[in-house]
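Chain and residue survey
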Amino acid sequence: MTKIWLSLAGAAALALAAGTASAETFRVGMEGAYPPFNNTDASGRIVGYEVDLVTELCKRTGMTCEVMQQDWDGMIPALLNKRYDGIMDGMSITEARLKQIAFSVPYTDTPAWFVGAKDGILKDAKTLADVKAALKGKTIGVQRSTTHQNFLEAEFKDSEIKLYDTVDELNFDLVNGRIDGGLGDSISWDSFLKSDAGKGFAHFGPGLTGKDNPLFGQGIGIGLRQEDKELKAKLDKAIESMKADGSLVKLSMQWFGYDPLAPGN
């Protein structure tokens, strides 16, 4: 499997392109802490679904791609300050973000899940109303500056909301009983629930997308500066070509185990 990688110690990112590298370089900001979209392995390399996706997009556009590590909370400011040219970090396309930046067409869309202990206060929660009732007066963990935070602040005013810089920090507090539940992306939760640490936990209530609440957005795309219209057109064409020839489905199956864009998902 071809991977773009980045050393968190500050070494330069490995540039990949098909054939002779184009003079145009597409620099991509990733957190390296949002599995399986992107994560940092034991050797300091950023790996994951979005790394493999941008590798293929670079092949189709003839660009040289460079992955750069960036903390989630500073993603949009760093893009606008031209530290890099695009964001790929499971970022949902929302009306609020569209006021600051542009997005490519969506390359995936995954629901939000509530997760808690299998035998905990959420064990009988099937509907969103059930989840709200169970978590009234309780503490819910969520990654900061996300659509999930926005949803909780709008809809769970009777709960205490605890913010985290990374999903790993959220998961750690959930396992250690410091919070009563968490809200996050289903794909990221799936990685946790399949781990040893997540064996005692499950997701409860409905999966939530932009169809349920506009705060969740219109799918996940590449964040771009609004003035970079030519770059957007190039990436849109490459993403649509991957949808058309089945390679995007193949990549989703490899990393997620199913195709989030398939009808019914």
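Residues numbered from 1 in each chain as written. Predicted model: local features only at pLDDT ≥ 70, side-chain atom pairs only at ≥ 80, totals over all residues. Heavy atoms only, no water.

**What about the overall build of the protein chain?**
- On a plain count of helices and strands, the protein chain comes out with nine helices and 13 strands.
- Relative to its length of 265 residues, the protein chain is compact, with a C-alpha radius of gyration of 18 Å against a globular reference of 18 Å.
- Along the three orthogonal principal directions, the C-alpha set of the protein chain runs to about 55 × 35 × 35 Å.
- Taking all 265 residues of the protein chain together, 51% fall into the buried category.
- Here the analysis covers contacts within the protein chain between residues at least 6 apart in sequence; of these, 68% occur between residues at least 24 apart.
- Counting only carbon and sulfur atoms, one obtains 51% of the accessible surface of the protein chain, whose full area is about 12000 Å².
- Side chains of the protein chain carry 29 positive and 36 negative charges; the gap between the two charge centres is 1 Å. (Helix = DSSP H or I, 4+ residues; strand = E, 2+ residues; numbered from the N terminus. Rg over C-alpha atoms; globule rule 2.2 N^0.38 Å. Buried < 20%, exposed > 50% of the residue type's maximum accessible area, 1.4 Å probe, protein only. Contact = heavy atoms within 4.5 Å. Areas by Shrake-Rupley, 256 points an atom, 1.4 Å probe, with all protein chains shown as cover. Lys, Arg positive; Asp, Glu negative; His and termini not counted. Charge placed at Lys NZ, Arg CZ, Asp CG, Glu CD.)

**What about unusual backbone geometry?**
- For the peptide bond that leads from P35 to P36, omega is 0°, which places it in the cis range.
- Even without being a glycine, K82 presents a positive backbone phi close to 65°.
- Its place among the elements puts K82 in the loop between helix 2 (75–80) and strand 6 (86–87).
- The phi angle at S145 is positive, at roughly 60°, despite the residue not being glycine.
- For S145, the location among the structural elements is in the loop between strand 9 (139–143) and helix 5 (147–155).

**Re helix 6 (residues 167–175)**
- Three or more residues of helix 6 are buried, namely V167, L170, N171, D173 and L174. In a view along the axis of helix 6, the buried residues occupy a sector of 165°, so they form one face of it. (Arc of directions from axis to C-beta.)

**Remarks on the packing of aromatic side chains**
- Here the structure, examined in full by the defined rule, presents 10 aromatic pairs.
- Each ring, one from Y49 and one from F256, has its centre 4.5 Å from the other, and the planes form 40°; the classification is tilted. Of this pair, Y49 sits in helix 1 (residues 49–61) while F256 sits in helix 9 (residues 247–256), placing them 207 residues apart in sequence.
- Assessed through its relative accessible area of 0%, Y49 is described here as buried.
- Its relative accessible area of 5% is what places F256 among the buried residues.
- The structure contains a cluster of three or more aromatic residues connected by ring pairs, namely Y34, F37, Y49, Y107 and F256.
- In this structure, K132 is placed above the aromatic ring of F156, and the distance from its NZ or CZ to the ring centre is 5.9 Å. (Phe/Tyr/Trp six-rings, centres within 6.5 Å; stacked < 30°, edge-to-face > 60°. Lys NZ or Arg CZ within 6 Å of the ring centre and 35° of its normal.)

**Details of empty space enclosed by the protein**
- Counted by the stated rule, this structure contains one cavity of 30 Å³ or more.
- Considering only enclosed or pocket space, the largest cavity measures out at about 290 Å³ in volume.
- Lining the largest cavity are 29 residues, with Y34, T147, H148, G184 and D185 sitting closest to its centre.
- Counting residues per element, the ones that place at least two in the lining of the largest cavity are strand 9, helix 5, helix 6, strand 11 (181–185) and helix 7 (186–193). (1 Å grid on protein atoms, 1.4 Å probe; cavity = no way out; pocket = protein on both sides within 12 Å on 5 of 7 lines; lining within 4 Å. Points joined across faces, edges and corners; volume = space filled by probe spheres on them.)

**Observations concerning helix 9**
- For helix 9, every residue scored as buried is listed here: S247, L248, L251, S252 and F256. Angular distribution of buried residues about the axis of helix 9 spans 140°; they occupy a single face of the element.
- Packing partners of the buried residues in helix 9 comprise helix 1, helix 7 and helix 8 (229–245).

**Some words on the nonpolar core**
- The biggest cluster of nonpolar side chains holds 31 residues, and the ones touching the most others in it are F26, L53, Y107 and I222.
- Per element, the largest residue contribution to this core is six residues, and it comes from helix 1.
- The residues contacting F26, other than those within four sequence positions of it, are V54, M63, T64, C65, E66, D85, G86, I222, L224, L231 and L235.
- Listed in part, the 16 residues of the second largest apolar core include L122, V142, L152 and F204. (Core = buried A, V, L, I, M, F, W, Y, C linked by side-chain atoms within 4.5 Å.)

**Thoughts on the sheet that holds strand 11**
- Ordered in space as 10-9-11-8-12, the five strands form an open sheet in which the pairing is mixed. Edge strands, defined here as strands with exactly one partner in the open sheet, are strand 10 (160–164) and strand 12 (201–208). Here the strands of the sheet are splayed against their neighbours by 30° on average, with no regard to which way each runs. (Pairing = 2+ DSSP bridges. Axes fitted to C-alpha atoms, helices over the stretch in contact; angles between N-to-C directions.)

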